[in-house]
Amino acid sequence: MVIPSSSFWAGKRVLLTGHTGFKGSWASLWLRKLGADVFGLALEPDTQPALWNLLGRPFLDGSLGDIRNSAVVNALFDARQPEIVIHMAAQALVHPSYADPVTTFSTNIMGLIHVLEAARRTPSVRAFVNVTSDKCYENREQIWAYREDEPMGGSDPYSASKGCAELVTASYRRSFFNLPQGPRLASGRAGNVIGGGDWSEDRLVADCVRAFQTGSLVLLRNPLATRPWQFVLEPISGYLALAQALYERGSEVAEGWNFAPPDEDAWTVGRVVERLIDAWGSGASWAPDKDMRAKEAMLLRVDATKARLRLGWRPRLPLTEALGWTVDWHKAVAAGEPALDVTIRQIECFEKLLPA
């Protein structure tokens with residue numbers, strides 16, 4: 001099993017785009033803890049509060065800039081000469097993609113292309129991991145989990161943009177990232193990620209925490225919708241394992257990869273909220289949301305067998321515990337404990353877990 005460790009990451013020059021986001025903040029802190037020379041490119045956080053700000057910002061040399069600006073992207077690659085690129089920057093939410101599809105497509109497709117163009121022209125780059133989403137698949141509401149060779153698609157603008165991003169990644173891999181001594185390119189597809197410090201609008205756990213903290217009722221659009229929930233460090237550990245494999249094994253692993261929880265952790269929205277209510281305690285409750293919203297898929301699961309067999313990646317934290325960790329994080333920070341201390345403690349606890 002590949003476990004992220006300083007024996008590989010110490011001293012590696014890593015460019016992490018989207019480092020100010022929820023997942024990016026966790027990833028950048030973990031990379032710094034592993035000893036990587038990690039630097040970022042992202043916009044300012046778009047939530048208040050924001051995990052990146054609560055962590056204090058000083059642990060990563062981050063540049064603020066828009067990946068839709070190719071000059072900004074090229075200048076950072078020229079200045080820092082990364083060895084490993086982990087591309088997380090994206091418009092990452094379904095409902096905002098309906099409100100502003102142009103930004104969603106321009107960021108998730110043309111932004112990706114700008115980063116790929118810069119990477120293929122930078123001799124130092126050895127490995128490139130493009131982080132997409134399990135929503136990249138053409139969702140047919142099928143009862144079995146999607147595997148990596150199934151068709152890309154997506155009805156809403158966000159899902160369609162991630163399907164397109166996968167097609168762009170495959171095109172660049174075959175066209176430009178295929179030279180004998182050149183860099184290698186792969187994509188990582190993960191499901192619904194939970195953890196402390198996510199305040200994004202229209203994310204289930206974030207909406208629940210906001211409601212619980214104010215004593216408000218949680219309104220659920222689709223309590224019967226099923227998703228593959230996982231703790232934030234699960235897919236990040238997959239991206240790091242994939243980056244290391246690309247660096248060490250090259251074209252053998254230059255493909256698309258699912259990082260997903262076991263089938264038993266594909267829960268309905270209602271079941272997740274009930275578990276959160278149990279963990280939070282008094283004052284937490286929910287009710288159906290009667291407002292009409294844009295259509296969402298009801299059933300989605302992805303199969304991570306390939307990652308388990310060929311990368312040695314395994315999920316470590318069962319969903320019940322992941323939800324408990326998320327509640328513990330928010331309660332500790334609300335009680336006055338520094339977010340940086342709580343986040344590092346959970347990273348250290350996660351590193352000690354045995355795989356499922």
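Let me begin by describing the structure that accompanies this report. (Residues numbered from 1 in each chain as written. Predicted model: local features only at pLDDT ≥ 70, side-chain atom pairs only at ≥ 80, totals over all residues. Heavy atoms only, no water.)

**Section: the packing of helix α8 (residues 204-214) against helix α10 (residues 269-280)**
The following threshold applies: Axis lines are fitted through C-alpha atoms, for helices just across the contact stretch, and the angle between N-to-C directions can take any value from 0 to 180 degrees. We count a stretch as a helix when DSSP gives it H or I for four or more residues in a row; a strand needs E for two or more, and each element gets its number in order from the N terminus. Here is the rule for handedness: rotate from the far helix to the near one, and if that takes an anticlockwise turn smaller than a right angle the crossing is left-handed, while a clockwise turn gives right-handed. Note on contacts: a residue pair qualifies if any of its non-hydrogen atoms lie within 4.5 Å across the two residues.
The geometry of α8 relative to α10 is characterised by a closest axis approach of 11 Å and an angle of 35 degrees between their N-to-C directions. Handedness of the crossing formed by α8 with α10: right-handed. In this structure, α8 uses Leu204, Val205, Cys208, Phe212 and Gln213 to contact α10, whose residues at the interface are Val269, Val272, Val273, Leu276, Ile277 and Trp280.

**Comments concerning the sheet that holds strand β11 (residues 266-268)**
Filter applied, for reference: We treat two strands as partners when DSSP finds at least two bridges between them.
Spatial ordering of the open sheet is given by β7-β9-β11, a layout of 3 strands whose pairing is mixed. Every interior strand has two partners, whereas the edge strands, β7 (192-194) and β11, have only one. The average undirected angle you get between the axes of adjacent strands in this sheet is 50 degrees. Two strands pair when backbone bridges link them, and strand β9 (residues 226-231) and β11 are joined in this way by 3 bridges, in the antiparallel orientation. Following the sheet pairing, arginine 227 is matched in β11 by tryptophan 267.

**With respect to the pattern of salt bridges**
Where we set the bar: Here, a salt bridge means any Lys or Arg side-chain nitrogen found within 4 Å of an Asp or Glu carboxyl oxygen. Note on exposure labels: buried denotes an accessible area under 20% of the residue type's maximum, exposed denotes more than 50%, and partly exposed covers the range between, all computed with a 1.4 Å probe on protein chains only.
As enumerated under the stated definition, the model contains 17 salt bridges in all. Two residues, arginine 13 and glutamate 83, come together in a salt bridge whose shortest N-O distance is 3.7 Å. Of this pair, arginine 13 sits in strand β1 (residues 13-17) while glutamate 83 is found in the loop between α4 (70-80) and β4 (84-87), placing the two residues 70 residues apart along the sequence. Overall, glutamate 83 belongs to the buried group, its relative accessible area being 13%. The partner of lysine 33 in a salt bridge is glutamate 351, and the shortest N-O contact between them spans 2.7 Å. Taken together, the residues lysine 33 in helix α2 (residues 22-33) and glutamate 351 in helix α13 (residues 339-352) connect sequence positions 318 residues apart.

**Details of the sheet that holds strand β6 (residues 184-190)**
Hydrogen bonding along the main chain pairs the strands of a sheet, whether they run parallel or antiparallel. Pairing in this open sheet of 7 strands is parallel, and the strands run β3-β2-β1-β4-β5-β6-β10 from one edge to the other. Of all the strands in the sheet, the pair left with one neighbour each is β3 (61-64) and β10 (256-259). Each neighbouring strand pair of the sheet contributes to a mean axis angle of 20 degrees, computed without reference to strand direction. Here helix α7 (residues 157-175) sits on the sheet and contacts β5 (127-131), β6 and β10; the angle it forms with β6, its principal contact strand, is near 160 degrees.

**A closer look at the pairing of β1**
The line we're drawing: Look down the strands so they point away from you; if going from the first strand over the helix to the second traces a clockwise path, that crossover is right-handed.
In terms of burial, β1 is a largely internal element, 4 of the 5 residues being buried. The pairing of β1 with strand β2 (residues 37-42) spans 5 bridges and is parallel. Note on β2: the bridge partner recorded for leucine 15 is phenylalanine 39. With respect to chirality, the unit in which β1 leads through α2 into the neighbouring parallel β2 is right-handed. When β1 meets β4, the two strands line up parallel, connected through 4 bridges. Each residue of the ladder has a partner; that of valine 14, found in β4, is isoleucine 84.

**Comments concerning α10**
Applicable threshold: Here the expected length of a helix is defined as 1.5 Å per residue gap, with one fewer gap than residues. Think of it as the arc spanned by the lines of direction from the helix axis to the C-beta atoms.
For α10, built from 12 residues, the straight-helix expectation of 16 Å at 1.5 Å per residue is met to within 8% by its first-to-last C-alpha distance of 16 Å. Burial in α10 covers these residues: Val269, Gly270, Val272, Val273, Leu276, Ile277 and Trp280. What you see down the axis of α10 is that its buried residues fit within an arc of 160 degrees, all on one side. Each element contacted by the buried residues of α10 is listed here: α8, β8 (218-220), β9, β11, β12 (286-288) and α12 (319-334).

**Regarding the packing of aromatic side chains**
By convention here, two paired aromatic rings are described through the distance between centres and the angle between planes. Rule in force here: Here the aromatic set is Phe, Tyr and Trp, taking the six-membered ring for Trp, and pairing holds for ring centres within 6.5 Å; pairs whose planes are under 30 degrees apart are stacked, those over 60 apart are edge-to-face, and all others are tilted.
One pass over the full model with this rule turns up 13 aromatic pairs. Geometrically, the ring pair formed by phenylalanine 128 and phenylalanine 177 is edge-to-face, given 6.3 Å between the ring centres and 75 degrees between the ring planes. Placement of phenylalanine 128 in strand β5 and of phenylalanine 177 in the loop between α7 and β6 is noted, with a sequence separation of 49 residues between them. Owing to a relative accessible area of 2%, phenylalanine 177 belongs among the buried residues under this scheme. Here phenylalanine 231 and tryptophan 325 contribute two aromatic rings whose centre-to-centre distance is 5.3 Å and whose plane-to-plane angle is 80 degrees, an arrangement assigned as edge-to-face.

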